[in-house]
Amino acid sequence: MLIASSLVLGLATLANVAVAALSSGCGKAPTITSGIKTINVGGTQRQFTIRVPQNYQNNKGYKLIYGLHWVGGRMEQVSNGGDTGSRGWLYYGLQVVANETAIFVAPQGLNGGWPNSGGSDLKFIDAMNSYIGNGLCVEQSQRFAIGFSYGGSMSYSIACSRAKDFRAVAVIAGGQLSGCDGGNDPIAYFGIHGIKDGTLNIGGGRSLRDRFIKNNGCSSMAGAKEPTSGSRKHITTAATGCKTGYPVQWAAHDGGHIQAAADAPAPEENGAASWVGPEAWAFFTKPELSTPK
Ligand SMILES: *[C@@H]1O[C@H](CO)[C@@H](O)[C@H](O)[C@H]1NC(C)=O
């Protein structure tokens, strides 16, 4: 009897491992509340803002979503919606649409950037994953990163180097500014870029995307349609042929170097009217991304 129940318990434990990768903070009183935190990463003090869902439950494995700021940016511009105060901007438009089902984190880059020298910003990401997973209940197969410009470049770097720790990234108007150490593993990838981007041009954005076209086994997106200049719209295309669980998606818009692109008749950039947050959320919550890798 004792042996039989141990066996059942053992199998149940194995089954749990197979369906979820809950962090050590699960089932415990949370030790992290919303606000600004400082942690020591290899001797450097690093800061981040965290937003814990309302009605947080310690037995529910939450998504963990990082929103990375642009060059010269501040974490508050991601967590508070920048200068606009519009809810459509919060965490790149993801906070509202997530409806309290995700933990959001806006880390602060040193000197307002993500040079990731010697992998230092990746070590910061690793340290936050660990700290947050210990203090809150995180579903560890459901970590995501999104960022604009330098923050998009850092999200790309995460895709290159931390594909095993992250489920998907969304790179808005990114370039290769934070490096790409490794860069051979598959990970779900959503690239977003303006055809008129004069800061980090769309050709560079296509190249970043194409790394994951290759890694994820997708068919070439060389012929993916992009909007014409003056159309004031965007075109989102899903790559075909990708390995299940490793989709690639590409959204090109008729705009410049902006984070919250919107179609006409809204202005070119408009938090409330932007499709970026809702489309990034739809990508992150694709059913094929809901199961452990
Ligand atoms: C948000 O979630 C709550 C609780 O699950 C639900 O009742 C509500 O309808 C949701 N709101 C939206 C806008 O989806």
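- Per an unreviewed UniProt entry, the protein chain is named Feruloyl esterase C, and its organism is Rhypophila decipiens.
- For the record of the protein chain, the UniProt heading Subcellular location (unreviewed entry) holds the text "Secreted".
- The record in UniProt for the protein chain states the following under Sequence similarities (unreviewed entry): "Belongs to the faeC family."

1. A short note on the side chain of aspartate 121
Point 1. Take aspartate 121: it is sitting in helix α4 (residues 120-135).
Point 2. Classification of aspartate 121 by relative accessible area gives buried; the value is 2%.
Point 3. Here asparagine 116 takes part through its backbone nitrogen, which lies 2.7 Å from a polar atom of the side chain of aspartate 121.
Point 4. Contacts of aspartate 121, omitting those with residues within four sequence positions, involve Arg46, Gly113, Trp114, Pro115, Asn116 and Met154.

2. Here we look at the state of the cysteines
Point 1. Scanning the model with the defined rule gives 3 disulfides in all.
Point 2. Each sulfur of the disulfide joining cysteine 26 and cysteine 137 lies 2.0 Å from the other. Disulfide cysteine 26-cysteine 137: torsion about the S-S bond near 90 degrees, hence right-handed. In this pair, cysteine 26 sits in the loop between α1 (2-19) and β1 (35-41) while cysteine 137 sits in the loop between α4 and β5 (138-148), placing the two residues 111 residues apart along the sequence. Each member of the pair, cysteine 26 together with cysteine 137, is buried.
Point 3. In the protein chain, the bonded cysteines, numbered by position in the sequence, are linked as 1-2, 3-4, 5-6.

3. Quick word on the pairing of strand β9 (residues 248-253)
Two faces belong to every sheet, and in a regular strand the side chains alternate between them.
Point 1. With respect to burial, β9 is a largely interior element, 6 of its 6 residues being buried.
Point 2. Bridge count for strand β7 (residues 188-194) against β9 is 6 bridges, and the pairing is parallel. What sits directly across from phenylalanine 190, in β9, is glutamine 249.

4. Things to note about the packing of α4 against helix α5 (residues 150-161)
Point 1. One can describe the packing of α4 onto α5 by two numbers: an axis separation of 11 Å at closest approach and a directional angle of 75 degrees. Judged by the angle between their axes, α4 and α5 are roughly perpendicular. Across the interface between the two elements, Asp121, Leu122 and Ile125 from α4 touch Met154, Ser157, Ile158 and Ser161 from α5.
Point 2. Considered class by class, the residues forming the contact of α4 with α5 number 4 nonpolar, 2 polar and 1 charged.

5. What about the pattern of salt bridges?
Point 1. According to the stated counting rule, one finds 8 salt bridges in the structure shown.
Point 2. Linking aspartate 185 and lysine 164 is a salt bridge whose minimum nitrogen-to-oxygen distance equals 3.1 Å. In this pair, aspartate 185 sits in the loop between β6 (168-172) and β7 while lysine 164 sits in the loop between α5 and β6, placing the two residues 21 residues apart along the sequence.

6. Describing the packing of aromatic side chains
Point 1. By the definition in use, this model includes 11 aromatic pairs.
Point 2. When the ring centre of tyrosine 62 is taken as origin, the NZ or CZ atom of lysine 60, which lies over that ring, is 4.6 Å away.
Point 3. Stacked on the ring of tryptophan 250, the Lys or Arg arginine 209 has its end atom at 4.7 Å from the ring centre.

7. Focus on the nonpolar core
Point 1. Formed by 49 residues in total, the largest nonpolar core has its most connected members in Val105, Met128, Ile132, Ile158 and Val248.
Point 2. With 6 residues, α5 is the largest single contributor of residues to this core.
Point 3. Setting aside chain neighbours within four positions, we find valine 105 in contact with Phe48, Thr49, Ile50, Leu64, Ile65, Tyr66, Gly67, Tyr91, Met128 and Ile132.
Point 4. Ranked by size, the runner-up nonpolar core spans 31 residues in total, among them Val78, Ala188, Ala251 and Ala280.

8. Thoughts on the packing of α5 against helix α6 (residues 202-215)
Angle between the axes and distance between the axes: these two values describe a pair of packed helices.
Point 1. Two elements in contact, α5 and α6, have axes whose closest approach is 12 Å; the angle formed by their N-to-C orientations is 20 degrees. With respect to their mutual orientation, α5 and α6 come out roughly parallel. Handedness of the α5/α6 crossing: left-handed. Contacts from Tyr156, Ala159 and Cys160 in α5 reach Leu208, Arg211 and Phe212 in α6.

9. Describing helix α7 (residues 276-284)
Point 1. Residues of α7 that are buried include every one of Val276, Gly277, Ala280, Trp281, Phe283 and Phe284, and no others. Buried residues along α7 cover an arc of 160 degrees about the axis, so they all sit on one side.
Point 2. Structurally, α7 contributes buried residues whose contacts are with β3 (62-68), α3 (94-98), β5, β6, β7 and β9.

10. Focus on the sheet that holds β5
Point 1. Spatial ordering of the open sheet is given by β1-β2-β4-β3-β5-β6-β7-β9-β8, a layout of 9 strands whose pairing is mixed. Unpaired on one side and paired on the other, β1 and β8 (234-238) mark the two borders of the sheet. Across the sheet, the mean angle separating the axes of adjacent strands is 20 degrees when strand polarity is ignored.
Point 2. Two strands pair when backbone bridges link them, and β3 and strand β4 (residues 102-107) are joined in this way by 4 bridges, in the parallel orientation. Residue pairing for β4: isoleucine 65 is matched across the bridge by phenylalanine 104.
Point 3. Against the sheet, α6 makes contact with β6, β7 and β9, and its axis sits at roughly 170 degrees relative to β9, the strand it touches most.

Conventions used here
Residues numbered from 1 in each chain as written. Predicted model: local features only at pLDDT ≥ 70, side-chain atom pairs only at ≥ 80, totals over all residues. Heavy atoms only, no water. UniProt positions renumbered as here; feature names shortened; annotations may be inferred. Helix = DSSP H or I, 4+ residues; strand = E, 2+ residues; numbered from the N terminus. Buried < 20%, exposed > 50% of the residue type's maximum accessible area, 1.4 Å probe, protein only. Polar contact = N/O pair within 3.5 Å; in protein donor to acceptor, adjacent residues only side chain to side chain. Contact = heavy atoms within 4.5 Å. Disulfide = S-S within 2.5 Å. Pairing = 2+ DSSP bridges. Axes fitted to C-alpha atoms, helices over the stretch in contact; angles between N-to-C directions. Parallel < 35°, antiparallel > 145°, perpendicular 65-115°, else oblique. Nonpolar A, V, L, I, M, F, W, Y, C, P; charged D, E, K, R; others polar. Salt bridge = Lys/Arg side-chain N within 4 Å of Asp/Glu carboxyl O. Phe/Tyr/Trp six-rings, centres within 6.5 Å; stacked < 30°, edge-to-face > 60°. Lys NZ or Arg CZ within 6 Å of the ring centre and 35° of its normal. Core = buried A, V, L, I, M, F, W, Y, C linked by side-chain atoms within 4.5 Å. Left-handed = near helix turned anticlockwise from the far one by under 90°. Arc of directions from axis to C-beta.

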